[in-house]
Amino acid sequence: MTDPLLIPCPHCNGLNRIPAERLGDHPRCGRCKAEVLLDKPFDLQQGAYASQVKGDLPLLVDVWADWCGPCKSFAPTFQQAAAQLSGKCRLAKLDSEANQQLSAQLGIRSIPSLILFRNGREVARQSGALPLPQLIGWLRSQGI
């Protein structure tokens, strides 16, 4: 039996220990009882950033803004990717306008931008919107 994975709850930021073999069983948070692994992106906020980048399951963050046309056209693709990657990678959306300090801290210079985190560290970055096959291919090249 493998060690359980530590996965932050997208709702309350509580850290959950989930056995790898149970990732497909819709695990619930021990603190707030909400589903931990979503099949859609969750909204990432400045206050939750430090908690959400931790954990054993990678986190892909889409940095976007409401006024950005390419960001809006990429949103359905990101949604589809979240459904396909549930249990392998968590997907979050960061509104760069509502979270300007965090966007600056992350060094965002263009949007949409994708940032992949593993164990609290940035491991890859991609600027611009990608079609779903290229997005999945890029993530596979990162070991997802």
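Keep in mind that this is a model prediction, so the values were computed, not measured.

Some remarks on the sheet that holds strand β5 (residues 90-95)
- Spatial strand order, β3-β5-β4-β6-β7: 5 strands in an open sheet with mixed pairing. Every interior strand has two partners, whereas the edge strands, β3 (42-43) and β7 (121-127), have only one.
- As defined by bridge partners, β3 adjoins β5 across 2 bridges and the pair is classed as parallel. Bridge pairing in β5 places F42 opposite A92.
- Sheet strands in contact with helix α2 (residues 69-85) are β4 (59-64), β5 and β6 (113-118), and its direction is about 155 degrees off that of β5.
- Strand contacts of helix α4 (residues 132-141): β4, β6 and β7, with the helix running at about 30 degrees to β6, the strand carrying the most contacts.

A closer look at the nonpolar core
- Judged by nonpolar contacts, the single largest core of 21 residues is most densely connected at V61, L106 and F117.
- At the level of elements, β4, β5 and β6 are the ones that each hand at least two residues to this core.
- With 4 residues, β4 is the largest single contributor of residues to this core.
- Those residues in contact with F117 that lie beyond four places of it in its chain are Y49, V53, P58, L59, V61, L106 and E122.
- Counting residues in hydrophobic clusters, the runner-up holds 18 residues, among them L60, F74, L91 and L114.

Definitions and cut-offs
- Residues numbered from 1 in each chain as written.
- Predicted model: local features only at pLDDT ≥ 70, side-chain atom pairs only at ≥ 80, totals over all residues.
- Heavy atoms only, no water.
- Pairing = 2+ DSSP bridges.
- Helix = DSSP H or I, 4+ residues; strand = E, 2+ residues; numbered from the N terminus.
- Contact = heavy atoms within 4.5 Å.
- Axes fitted to C-alpha atoms, helices over the stretch in contact; angles between N-to-C directions.
- Core = buried A, V, L, I, M, F, W, Y, C linked by side-chain atoms within 4.5 Å.
- Buried < 20%, exposed > 50% of the residue type's maximum accessible area, 1.4 Å probe, protein only.

In short, geometric facts, not functional conclusions.
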